[in-house]
Amino acid sequence: MTTMESLIGLVNRIQRACTVLGDYGGGDNTFSSLWEALPSVAVVGGQSSGKSSVLESIVGRDFLPRGSGIVTRRPLVLQLHKTDEGSQEYAEFLHLPKRRFTDFGAVRNEIQEETDRITGKTKQISPVPIHLSIYSPNVVNLTLIDLPGLTKVAVEGQPETIVEDIETMVRSYVEKPNCIILAISPANQDIATSDAIKLAREVDPSGDRTFGVLTKLDLMDKGTNALDVLEGRSYRLQHPWVGIVNRSQADINKNVDMIVARRKEREYFATSPDYGHLASKMGSEYLAKLLSQHLENVIRSRIPSITSLINKSIDELESEMDHLGRPIALDAGAQLYTVLEVCRAFERIFKEHLDGGRPGGDRIYGVFDNQLPAALKKLPFDRHLSLQNVRRVVSEADGYQPHLIAPEQGYRRLIEGALNYFRGPAEASVDAVHFVLKELVRKSIGETQELKRFPTLQADIAAAANEALERFRDESKKTVVRLVDMESSYLTVDFFRKLPQEVENKGGNPQAPVTDRYGEGHFRRIGSNVSSYVGMVSDTLKNTIPKAVVFCQVKEAKQSLLARFYTQLGKKEGKQLSQMLDEDPALMERRQQCAKRLELYKAARDEIDSVSWTR
């Protein structure tokens, strides 16, 4: 195979592979851009300009639907692959990847049926392309895109916008800088009215990408010829015009072999008094070679950018493969190692949230610095130590025996009743920290890339972590409630020793009247003393509750969140480990697609490197 055939064949294979992998027409942007970076040939012309005949002449096979009006109603991406001499010709459709067509009449029927599948049996059009590959020793390596014929008016059964819709579709292909335009014009019409040339001039004003093809030379009126066009006097392009003689309708009806039609075409130009001097540069065979040669030149100039794009794609795919992870080993030891590695990755992220490497841990500090003090301030001590309640509690504590000096039982009941209020904020602090920890577990699971591929393991870790947090919360609640109970069980004697004691007689005079121990001032002093003691306890608990919560919940979560899970993990058998590593089918499919793309791009890079660039 020549260098030219190697280059164009390589481009065809890359385009084909990109198409198979879904990169063209809806895939990832990077991969779609690779498809578009590779040159292809778009066949443009008005209805009945002979586009189908030109394509069939290049292929050497009669395989396209025919008829009046719009026949090509979807783009046909036709990739020609040159095979070794003597090999069998066959065709493959992208939508039927496992079926080979050796009957090209069946290819024609499939194109028609696939068109109808999207557009229905109407005259509607669709931009969704049909992808067809033909493998034959009688073709050159090319990618050709057959587009619906340009039209000027809508006919019965077509929407009023059909003219604009077709032009928009054709423009979407020919506006791309890597698209070579094959502008088909019939010779029996004035070139000034050519739809194809008009559009090509708009998108390619310099003519660098445009090849003019003149069809139906044999149908011109006697005494006229198309030399002004073919020799570039009527409309000059950067590339030479090529004349084509299509099969006649009679030949088509008789199923004249395409090889015979090519021979007749050669004979026509060789014996033509008008075109004989151009015979070596006319005909469908010359057109195919001309396009192939031009493609080689374009590919040569684009190789650096194509190679750069391929390398970029390889880097992105390898990075994605690292995120997706490599395939799982089958032996239990390797599977256990994988599970442990994933668990450690999760724990590392969870600890980063707690320690400040990632956001979220600061919310625990917010519980201690804001929520707990606010909750303590809202406790109903004013109501509990109101004059009426103090009088009632103290009176009830005395029973039928009035207190003689100080109402000790009344003091104790008032203090114990007040301290019971601390249970609520203490337990609420535990619950608030528990909620934060659960949220951090959820976030950490979502941020652990290694876990995304294993939904079962993800659920197992979440369940184990949350079960551990529940245990830590229960233990933390017991501890903070115990702190409150400890304050209630033993009152600080020194505090009361320092309180000013009531004296029986004012000024120490035994003759002075006895103080009214049941007066309003007496009960207010009791309430004030109890309030001072409760305030002291509140300050103590404001410091000790966070310590207990951190010790029982936060520290335990950092050190032993998955401790029980690891113990259970060591008892699992290979089948159970495999179930835990049951991957998300979507991720498995994504990894397979990435692996295929990676293989494609690496092979393409190696093949490009191996091609000799010497002319």
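Residues numbered from 1 in each chain as written. Predicted model: local features only at pLDDT ≥ 70, side-chain atom pairs only at ≥ 80, totals over all residues. Heavy atoms only, no water.

> Looking at this structure, how should I read unusual backbone geometry?
Excluding glycine, residues mostly have negative phi values, and the peptide bonds linking residues are mostly trans. Positive phi, close to 60°, is recorded for K216, a residue that is not glycine. Mapped onto the elements of the fold, K216 is located in the loop between β8 (210-215) and α7 (227-230). (Helix = DSSP H or I, 4+ residues; strand = E, 2+ residues; numbered from the N terminus.)

> How should the side chain of D116 be read in this particular structure?
Considering the arrangement of structural elements, one finds D116 in helix α4 (residues 104-119). D116 sits in the buried class, given a relative accessible area of 16%. A distance of 2.7 Å separates polar atoms of two side chains, one belonging to D116 and the other to R73. With near-sequence residues (within four places) excluded, D116 lies in contact with R73 and K121. (Buried < 20%, exposed > 50% of the residue type's maximum accessible area, 1.4 Å probe, protein only. Polar contact = N/O pair within 3.5 Å; in protein donor to acceptor, adjacent residues only side chain to side chain. Contact = heavy atoms within 4.5 Å.)

> Which parts of the structure should I look at to understand the sheet that holds strand β2 (residues 76-82)?
Sheet strands pair via backbone hydrogen bonds, and the direction of the pair is either parallel or antiparallel. Taking strand neighbours across the sheet as the criterion, the nine strands line up as β4-β3-β5-β2-β6-β1-β7-β8-β9 in an open arrangement whose pairing is mixed. Two strands bound the open sheet, and with one partner strand each, they are β4 (96-101) and β9 (242-243). Summarising the sheet, strand β1 (residues 40-45) and strand β6 (residues 142-146) pair through three bridges and their orientation is parallel. Looking at β6, one finds that V41 is bridged to L144. Running at roughly 155° to strand β7 (residues 179-186), helix α6 (residues 195-203) makes contact with β1, β7 and β8 of the sheet. (Pairing = 2+ DSSP bridges. Axes fitted to C-alpha atoms, helices over the stretch in contact; angles between N-to-C directions.)

> Explain the packing of helix α11 (residues 332-355) against helix α17 (residues 455-489) here, please?
The geometry of a pair of packed helices is captured by two quantities: the angle between their axes and the separation between those axes. In contact at an axis separation of 12 Å, α11 and α17 are set at 55° when each is read in the N-to-C sense. Taken together, the axis directions place α11 and α17 in an arrangement best described as oblique. Once α11 is placed against α17, the crossing between them reads as right-handed. Of the residues in α17, those in contact with V339, V342, C343 and F346 of α11 are L457, I461 and A465. Looking at side-chain class alone, the contact of α11 with α17 contains seven nonpolar, no polar and no charged residues. (Parallel < 35°, antiparallel > 145°, perpendicular 65-115°, else oblique. Left-handed = near helix turned anticlockwise from the far one by under 90°. Nonpolar A, V, L, I, M, F, W, Y, C, P; charged D, E, K, R; others polar.)

Don't take any of this as a statement about function, it's just geometry.
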